[in-house]
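# Summary of structural features
Letter by letter, the chains look like this.
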Amino acid sequence: MIPFFDLKRQYKSLREELNVAQDDVFQSGMFLKSSKTKAFEKSFSEYLNIPHCIACASGTDGLELTLRALNLPRDSEVIVPALTWVSDAEAVLNIGLSVKFADVDPRTGCITTETIKTHLSEKTKALIVVHLYGQMAKMNDLMELADCHHIYVIEDCSHAHGAYNANGRAGTFGHTGVFSFYPTKNLGAYGDAGAVITSDEAIAQQVRLLADHGQVRRDQHKISGSTSRIDELQAAFLEVKLKYLDRWNERRRAIATYYTENLKNVWTPSISEGHVVHQYVIRVREREKMLGHLRKHELGYAIHYPAILPSLEPFFEENWKSSYPVATDIAQQAISLPIFPELTDSEVENVVKIVNSFI
Ligand SMILES: *Cc1c(COP(=O)(O)O)cnc(C)c1O
């Protein structure tokens, strides 16, 4: 059996370091807003080469905190990809703004200037870009268009920790970059956690206030906020894991490159430099039959994502199929194959053999 994903393997190699980190926190008696949080925020902003990092309770919170911090007019519209995790649309609706979905590029699954153009209106005030599966969207073009129309850009980097293009890392192009450290992400905590990064000092201050009851200092509340913090244990664990992120991403890229070079008769993604391959997603027209084949050979798989957002009840649009044909096609054909740094070479070879033996 080849598992789709297995965090226990990674724990084996990190056990001692994590135990030390955990013991440090327990010994300190400090579980929130203390030295481990500050240290991780500093390390992560240095890694990304950006001035501000505000750790928070989850990626979804990071999106919502950013949107709140921007203080947009009540009738604002925010453009969100039709093919992504629900958080991107939820964050917009949760603060009372309107979502406008955009179709995606057939090659990358990301939005492009072409796919968002028809959705721009006077009311468009922000754009959430998702670096789907770990591949960076075309940020230079998107930023140019956004600047032209005076709209904010939020990069959802939940699949793209450490991804880069010639001009920098994912998250450093938009007005903010938002990260989830959900356990299965390329950089994952042992529970929920997230972060917002930005080079805009005013946005950074506002996000920090919103995430901690609007407190400027203890008992001095400037605005109405909420509780959205990372805890010291998660920050300490992430600090341990951050050191290995580039190495892990390289291993993911090597596995993905092998898949793309050797898989036959299925659509495979191209693995560019800077792609951190959070998911390796092939496309198969006869998906149900292929899934039966994978189950028969005990090869783990997942589907990212089986339904596009405008087809789901909270975001429903009557004409979702015809409005977002590319996203719909991908959702109907996508199969995510095992991709994590601890897969062995022989497992990787077997994945290829099993997929290629499908007729
Ligand atoms: C995981 C994920 C999030 C948010 O994750 P949380 O579980 O809230 O930390 C947001 N967007 C995408 C694309 C994700 O995959």
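Structure's up top.
What comes next concerns the included structure. (Residues numbered from 1 in each chain as written. Predicted model: local features only at pLDDT ≥ 70, side-chain atom pairs only at ≥ 80, totals over all residues. Heavy atoms only, no water.)

The next point concerns the nonpolar core. Within the largest apolar cluster, 85 residues are counted, with the highest numbers of intra-cluster contacts made by F44, L83, F101, M139 and F181. Discounting chain neighbours no more than four positions away, the residues touching F44 are C53, F179, F181, L187, I197 and L242. Grouped together as the second largest cluster of nonpolar side chains are 26 residues, I2, Y280, I282 and F358 included. (Core = buried A, V, L, I, M, F, W, Y, C linked by side-chain atoms within 4.5 Å. Buried < 20%, exposed > 50% of the residue type's maximum accessible area, 1.4 Å probe, protein only. Contact = heavy atoms within 4.5 Å.)

Among the structural elements, H278 can be located in the loop between helix 9 (245-262) and strand 12 (280-283). H278 sits in the buried class, given a relative accessible area of 5%. Sequence-wise, H278 and L93 are 185 residues apart; in three dimensions their C-alpha atoms are separated by 26 Å. Residues contacting H278, with those up to four places away along its chain left out, are Y133, G134, H159, T184, K185, N186, R252 and I339. Side chain to side chain, H278 and N186 meet in a polar contact 2.9 Å long. (Helix = DSSP H or I, 4+ residues; strand = E, 2+ residues; numbered from the N terminus. Polar contact = N/O pair within 3.5 Å; in protein donor to acceptor, adjacent residues only side chain to side chain.)

It is worth spelling out the site of the ligand at this point. Around the ligand lies a shell of 14 residues, among which G59, T60, D156, S180 and K185 are the nearest. In this structure, D156 approaches the ligand through a side-chain N or O atom, which is 2.7 Å from a nitrogen atom. In the environment of the ligand, an oxygen atom lies 2.9 Å from a nitrogen or oxygen atom belonging to the side chain of H159. For the ligand, whose free accessible area comes to 390 Å², the fraction covered by protein is 92%. Taken together, the elements giving at least two residues each to the shell around the ligand come down to helix 3 (59-70) and helix 4 (87-94). Partitioning the shell around the ligand into residue classes produces three nonpolar, eight polar and three charged. (Near = heavy atom within 4 Å. Areas by Shrake-Rupley, 256 points an atom, 1.4 Å probe, with all protein chains shown as cover. Nonpolar A, V, L, I, M, F, W, Y, C, P; charged D, E, K, R; others polar.)

The full count for this structure, using the stated rule, is 13 aromatic pairs. Pairing F40 with F44 gives two aromatic rings, centres 5.4 Å apart and planes at 20 degrees, and the pair type is stacked. Placement of the pair is F40 and F44 together in helix 2 (residues 35-48), with a separation of four residues, close to one helical turn. The exposure class of F40 is buried, given its relative accessible area of 0%. Residue F44 is classed as buried on the basis of its relative accessible area, which comes to 0%. Ring geometry for Y190 against F237: centres 5.4 Å apart, planes inclined by 85 degrees, an arrangement best described as edge-to-face. With a gap of 47 residues between them, Y190 in the loop between strand 8 (176-180) and strand 9 (194-198) and F237 in helix 8 (residues 232-242) connect regions that are remote in the sequence. Linked through ring pairs, F40, F44, Y47, F179 and F181 together constitute an aromatic cluster. (Phe/Tyr/Trp six-rings, centres within 6.5 Å; stacked < 30°, edge-to-face > 60°.)

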